[in-house]
Amino acid sequence: MTDTLLLAGTRKGLLLARKRGGSWHVEPLALPMTAVYAVAIDTRRRTPRLFASATSEHWGPTILHSDDLGATWSEPDHAPVAFPKDTDTALARTWQIQPGRPSEPEVVYAGVEPSGLFRSEDGGLTYELVRPLWDHPHRADWTPGAGGMAVHTILPHPADQARMLVAMSTGGVYRTFDGGASWSPANTGIKTTFLPELYPEYGQCVHKAAQDAGDGDRLYLQNHNGVYRSDDWGGTWTSIADGLPAEFGFPVVADPRRPGHAYVFPLVSDGFRFAPDYRCRVYGTADAGKSWSEIGGGLPTSGFYTTVMRDAFTTDDADPAGLYFGTRSGDLYAGGAEGWKQMAANLPDVLSVRAAVLE
Amino acid sequence: MTITVLVPGALAEYSGGLRQVTIPGGGTTVAGVFDRLAADLPALERRIRDERTGIRRHVNIYIDGSDIRTLSGTETSVPDGATVHIIAAVSGG
């Protein structure tokens, strides 16, 4: 029987849940009164290291880690992520914590607001700014969206250690082929609906991107308006929105084991951010976006007036993968094609969810 | 002479459980007080100032009862024997 661990970061604390023997046990809220924008489970260690980016309205941002599956949380005395003095910039919060490749077990990345990328070489305890992206000449043109201006997606190429792709809102997708020494925009084919130019080189409001399980160069992307796939690692993007009830939304996730499988949570439009027909529905594809269908039953079928944030939808690493999402109204669901079940309710709004099978 | 820093309960875990921290005086400023805290208790100091050494937006600092925002901010002089009071502002939801 598998044992699954789930972390859910909320607007006012961190929820940890364990599935043992087929049933979930949800623990009391940890890190209360902090907004947990990012959580991560680093499964490269014998005992996975857990991460939580916690920001106090009063006392600022930090990153905590746990090496005992959430029983205790620690942090360095000095700020784990801090901008160098010469940038004259203060960290607002960390939006993404991404463990590196298995071949670099101590490397962890952090995507932050204002838009920046940090890299850790000590297992995620302390981080340093990736200067070339910070110094990018496009920076002056990147602008905040409603939630802030942040690097929210970090995708190390699974096979090529020199390649990494990040996404930010707004700014769009940027990628490096030389280990972070230089970065170039990778938004060809992604539209904007809030700029005079429909297809600019950069400036898109990409909401999330995900890596296909089989093809290292295949990516999925949920844009401010549009759902896309790239088969050349961001070189060009093609719409795969046909078959979806709407092309707006925030998260996109890919099954980590099944090539061609990806999931989105459509909302009607930029100007009407509700699920179509006020029905809570996850859509999935098994053919890399050629076709889409509603996934599972058991979700609210009417009166669903809330949304799912960009990092509040995830998969675990089982085969088939379990799916998990949280809503802004504080409900947490687990399920997939077999149907959905509510894991928790009445939470603060859910900002980030990650899950992993424990060996 | 010394300066007394009053630590809010929410931050006592970063001051070894102390609600009151004493640092050397001798003619310093608010910035100097927090520079000293940065050296002695960095996990406490970084919750009061960001990495630009600015006081966080929802933190209020009082010197002997006066809000430093009504004085000279972080350049306000802190005399020997003074009490520096760190208080969380009203915010949040």
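Description of the structure in this document. (Residues numbered from 1 in each chain as written. Chains lettered and ligands numbered in written order. Predicted model: local features only at pLDDT ≥ 70, side-chain atom pairs only at ≥ 80, totals over all residues.)

## Comments concerning the overall build of chain B
Working step 1: Summing up its helical and strand segments, chain B has 2 helices and 7 strands in all.
Working step 2: Ordered by position from the N terminus, the helices and strands of chain B form the series β-β-β-α-α-β-β-β-β.
Working step 3: In terms of C-alpha radius of gyration, chain B reaches 12 Å, essentially the compact-globule figure of 12 Å for 93 residues.
Working step 4: The principal-axis extent of the C-alpha atoms belonging to chain B is close to 40 × 30 × 25 Å.
Working step 5: Across the 93 residues of chain B, 28% fall into the buried class. (Helix = DSSP H or I, 4+ residues; strand = E, 2+ residues; numbered from the N terminus. Rg over C-alpha atoms; globule rule 2.2 N^0.38 Å. Buried ≥ 20, exposed ≤ 12 C-beta atoms within 10 Å, placed from the backbone.)

## As for the sheet that holds strand 5 (residues 66-67) of chain B
All names here are of chain B.
Working step 1: With mixed pairing, 5 strands are arranged side by side in an open sheet as 2-1-7-4-5. Single-partner strands in this sheet number two, and they are strand 2 (20-24) and strand 5.
Working step 2: Sheet topology note: the strand 1 (residues 2-6)/strand 7 (residues 83-88) ladder contains 3 bridges and is parallel. Paired with Thr 4 across the strands is Thr 83, a residue of strand 7.
Working step 3: This element, helix 1 (residues 30-40), spans strand 1, strand 2, strand 4 (59-63) and strand 7 of the sheet and lies at about 75° to strand 1. (Pairing = 2+ DSSP bridges. Contact = placed C-beta atoms within 7 Å. Axes fitted to C-alpha atoms, helices over the stretch in contact; angles between N-to-C directions.)

## A look at the pairing of strand 4 of chain B
All names here are of chain B.
Working step 1: By the alternation rule, side chains of strand 4 split into Val 59, Ile 61 and Ile 63, which are all buried, and Asn 60 and Tyr 62, of which none is buried.
Working step 2: Pairing of strand 4 with strand 7, which is carried by 5 bridges, proceeds in the antiparallel orientation. Within strand 7, the position partnered with Tyr 62 by the bridge is His 85.
Working step 3: Pairing of strand 4 with strand 5, which is carried by 2 bridges, proceeds in the antiparallel orientation. Among the inter-strand pairings, Ile 63 is bridged to a residue of strand 5, identified as Ser 66.
Working step 4: With antiparallel pairing between neighbouring strands as the criterion, strand 4 and strand 5 make up a hairpin whose turn holds 2 residues, including Asp 64 at a positive phi of roughly 45°.

## Re the pairing of strand 8 (residues 108-113) of chain A
Side-chain positions along a regular strand alternate between the two faces of the sheet.
Residue and element names in this part refer to chain A.
Working step 1: Summarising burial for strand 8: 6 of the 6 residues are buried, a large majority.
Working step 2: Residues Val 108, Ala 110 and Val 112 point to one face of strand 8 and Tyr 109, Gly 111 and Glu 113 to the other, with burial holding for every one of them.
Working step 3: Pairing of strand 7 (residues 93-99) with strand 8, which is carried by 6 bridges, proceeds in the antiparallel orientation. The residue bridging Thr 94 from the neighbouring strand is Val 112, located in strand 8.

## A short note on the interface of chain A and chain B
Working step 1: Each partner contributes to the interface: chain A provides 12 residues, whereas chain B provides 15 residues.
Working step 2: Considering only residue class, the side of chain A that touches chain B consists of 6 nonpolar, 3 polar and 3 charged. (Nonpolar A, V, L, I, M, F, W, Y, C, P; charged D, E, K, R; others polar.)

## A short note on the environment of Pro300(A)
Working step 1: By the element assignment, Pro300(A) lies in the loop between strand 22 (293-294) and strand 23 (313-315).
Working step 2: Residues Pro300(A) and Ala79(A) lie 221 residues apart in sequence; the distance between their C-alpha atoms is 42 Å.

## Quick look at helix 1 of chain B
Working step 1: Within helix 1 of chain B, the full set of buried residues consists of Val30(B), Val33(B), Phe34(B) and Leu37(B). Projected onto a plane normal to the axis of helix 1 of chain B, the buried residues spread over an arc of 90° and lie on a single side. (Arc of directions from axis to C-beta.)

## Thoughts on the sheet that holds strand 11 (residues 150-156) of chain A
Picture the strands of a sheet paired through backbone hydrogen bonds; they go either parallel or antiparallel.
Residues and elements named next belong to chain A.
Working step 1: Taken in spatial order, the 4 strands make up an open sheet running 11-12-13-14, and their pairing is antiparallel. In this open sheet, the two strands that pair with only one neighbour each are strand 11 and strand 14 (184-185).
Working step 2: Note: strand 11 against strand 12 (residues 164-169), 6 bridges, orientation antiparallel. Directly across from Pro 156, in strand 12, lies its bridge partner Met 164.

## Here's the deal with the nonpolar core
Working step 1: Of all hydrophobic cores here, the largest spans 102 residues; its most connected members are Val81(A), Phe118(A), Val166(A), Ala209(A), Phe325(A) and Val353(A).
Working step 2: Of all the elements, strand 4 (residues 34-42) of chain A adds the most residues to this core, at 7 residues.
Working step 3: Counting residues in hydrophobic clusters, the runner-up holds 21 residues, among them Leu11(B), Leu44(B), Val78(B) and Ile86(B). (Core = buried A, V, L, I, M, F, W, Y, C linked by C-beta atoms within 7 Å.)

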